[in-house]
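Remarks on the overall topology
As a plain string of letters, each chain reads:
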Amino acid sequence: MKLSDTLPSNAAPIIAIDGPAGAGKSSVAVRLAGTLAIPYLDTGAMYRAVGLMAYREGWRPPLDPASDGPAVASLSEGRLRLEPGAERMQVWVDEVEVTDEIRSPECSEMASAVSALSEVRRALVPEQRRMGLLKGGVMEGRDIGSVVFPDALLKVFLTASAQTRAKRRYEELVARGLDVTLEEVLKDQAERDLRDSSRADSPLQVASGAVVVDTSALSLDQVVERLAGLFLDLREAGLSAASTDVKKK
Ligand code: DC
């Protein structure tokens with residue numbers, strides 16, 4: 001099967017959720033997938049796992065695309081396993097679970113650095129397409145609606161103010177016992193935002209046709225309800241268009 005970026009007409013529907021860190025993508029993706037009883041895939045977890053592997057091998061940011069790209073990309077070959085958990089993506093490297101480890105600040109840094117390497121994206125994107133084509137579902141990341149599945153049934157760009165996003169991240173890190181300040185989180189976030197949206201390959205951007213949702217003043221339930229409604233409307237419209245086509249034949 002050729003893994004093109006064009007979805008076959010009978011493919012299971014895909015909801016693409018992109019946006020900056022802290023916009024609430026993961027919580028929304030997990031809850032939305034549960035509500036609609038469809039799979040979910042957090043593609044950031046894949047970049048985080050490659051970041052962890054590179055970190056363990058001694059790489060530290062900044063990375064050099066020419067000299068580090070091919071070697072870092074080859075790290076992931078055949079060593080990654082992902083499964084959707086009840087609250088987040090579960091990840092294994094060499095069959096050892098790294099679900100918690102990939103969420104550390106060091107891994108966030110490394111994930112951002114490795115995700116800017118074209119070779120790494122060329123290794124992971126076909127795998128993401130394969131998983132999406134197999135079962136459809138909610139996929140979250142930075143380039144799902146723009147690069148991985150530009151034909152997704154519903155494309156969403158989830159965002160929130162920088163303060164709101166940093167506060168959410170800060171509270172999450174403090175709850176995990178990490179000693180950080182809100183200022184540090186804001187600074188790291190600004191650096192990561194800049195790197196994710198200014199990189200040459202697949203930068204974070206609002207995909208054409210995406211619905212932009214600002215979650216600053218919305219609860220998780222409100223966001224999920226809105227997206228589930230949009231998805232069901234689009235699916236219904238698609239189904240009735242398909243049945244009209246069949247009747248015409
Ligand atoms: O969503 P996250 O914070 O777990 O993502 C980790 C890093 O991976 C982040 O710096 C952005 C990058 N990423 C990406 O470049 N493309 C994706 N589809 C998903 C994540």
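The paragraphs below set out a description of the structure included in this document.

What counts and what doesn't
Each chain carries its own residue numbering, running from 1 in the written order of its sequence. Selection of residues for local features in this predicted model requires a pLDDT of at least 70, selection of side-chain atom pairs for listing and counting requires 80 or more, and totals for whole chains, interfaces and linings are taken over all residues. Computation of side-chain values covers all heavy atoms of the structure but excludes hydrogens and water. Lines are fitted to the C-alpha atoms to define the axes, a helix being fitted only along its stretch in contact, and any angle between axes, read from their N-to-C directions, falls within 0 to 180 degrees. Secondary structure elements follow DSSP: runs of H or I of four or more residues count as helices, runs of E of two or more count as strands, with numbering from the N terminus. Note on angle classes: values under 35 degrees are labelled roughly parallel, values over 145 roughly antiparallel, values of 65 to 115 roughly perpendicular, and the remainder oblique. Note on convention: the crossing is left-handed when the near helix lies turned anticlockwise from the far helix by less than a right angle, right-handed when the turn is clockwise. We call two residues contacting when some pair of their heavy atoms lies within 4.5 Å. Polar here means any residue other than Ala, Val, Leu, Ile, Met, Phe, Trp, Tyr, Cys and Pro, which are nonpolar, and Asp, Glu, Lys and Arg, which are charged; Gly is therefore polar. When accessible area is computed with a 1.4 Å probe and restricted to protein chains, residues below 20% of their type maximum are described as buried, those above 50% as exposed, and intermediate ones as partly exposed. Here the aromatic set is Phe, Tyr and Trp, taking the six-membered ring for Trp, and pairing holds for ring centres within 6.5 Å; pairs whose planes are under 30 degrees apart are stacked, those over 60 apart are edge-to-face, and all others are tilted. Any Lys NZ or Arg CZ that is within 6 Å of a ring centre and within 35 degrees of that ring's normal is treated as a charge sitting over the ring. Here the term patch refers to residues with relative accessible area over 30% and no salt bridge, with like charges joined within 9 Å and nonpolar side chains (Val, Leu, Ile, Met, Phe, Trp, Tyr) within 5 Å. Note on areas: Shrake-Rupley, 1.4 Å probe, and residue coverage restricted to the protein chains presented here. Within this document, salt bridges are pairs made up of a side-chain nitrogen of Lys or Arg and a carboxyl oxygen of Asp or Glu, the two lying within 4 Å of each other. For the purpose of charge, His is not counted, nor are the chain termini; Lys and Arg are scored as positive and Asp and Glu as negative. By convention, the point assigned to a charge is CZ for Arg, NZ for Lys, CD for Glu and CG for Asp. We call two strands paired when DSSP finds no fewer than two bridges between them. Both cavities and pockets are sets of points on a 1 Å grid over the protein atoms alone; in a cavity a 1.4 Å probe fits but cannot get out, in a pocket the set is open with protein on both sides within 12 Å along at least five of seven lines, and lining residues sit with an atom within 4 Å of a point. Grid points are joined across faces, edges and corners, and a volume is the space filled by probe spheres set on the points.

**Concerning the packing of helix H7 (residues 162-175) against helix H8 (residues 182-198)**
Look at H7 against H8: their axes get within 9 Å of each other, and the N-to-C directions meet at 120°. Considering the angle they form, H7 stands oblique to H8. Once H7 is placed against H8, the crossing between them reads as right-handed. In contact with Ala162, Gln163, Arg165, Ala166, Lys167, Arg169, Tyr170 and Leu173 of H7, H8 contributes Leu182, Val185, Leu186, Gln189 and Asp193. The residue inventory of the contact of H7 with H8, partitioned by class, reads seven nonpolar, two polar and four charged.

**So, the environment of alanine 237**
Note on placement: alanine 237 falls in helix H9 (residues 220-248). Exposure remark for alanine 237: the relative accessible area of 43% places this residue in the partly exposed category. In the structure, alanine 237 is positioned 167 residues away from proline 70 in sequence and 44 Å away in space, judged by C-alpha atoms.

**Here we look at the packing of aromatic side chains**
In this structure the tally under the stated criterion is zero aromatic pairs. Here arginine 60 stacks its cationic end above the ring of tyrosine 55, 3.6 Å away from the centre of that ring. Across from the ring centre of tryptophan 92, 4.1 Å away, lies the NZ or CZ of arginine 81, which sits over that ring.

**Concerning a negative patch on the surface**
A cluster of acidic side chains, namely Asp179, Glu183, Glu184 and Asp188, defines a negative patch on the protein surface. Turning to its location among the elements, glutamate 183 is positioned in helix H8.

**Focus: the pairing of strand S6 (residues 137-141)**
In terms of burial, S6 is largely enclosed, as five of its five residues are buried. Of the pairings in the sheet, the one linking strand S2 (residues 40-42) to S6 comprises three bridges and is parallel in character. In the strand pairing of S6, aspartate 42 is matched with glutamate 140.

**So, the layout of surface pockets**
Reported here for the largest pocket is a volume of approximately 1000 Å³. Ser26, Ser27, Arg103, Glu140 and Glu172 are the residues nearest the centre of the largest pocket, which is lined by 41 residues in total. Of all the secondary-structure elements, those providing two or more residues to the lining of the largest pocket are helix H1 (25-36), S2, helix H2 (43-56), helix H4 (105-115), S6, H7, H8 and H9. Here the element with the most residues in the lining of the largest pocket is H1; it accounts for six residues. When the residues that make up the lining of the largest pocket are grouped by side-chain class, the tally is 12 nonpolar, 11 polar and 18 charged. Empty space within the second largest pocket amounts to approximately 470 Å³. Around the second largest pocket, the lining comprises 25 residues; the ones closest to its centre are Leu41, Leu82, Glu127, Arg130 and Met131. Listing elements by their share of the lining of the second largest pocket, those giving two or more residues are S2, strand S3 (80-84), helix H5 (118-135) and S6. When residues in the lining of the second largest pocket are grouped by element, the largest group, eight residues, is from H5.

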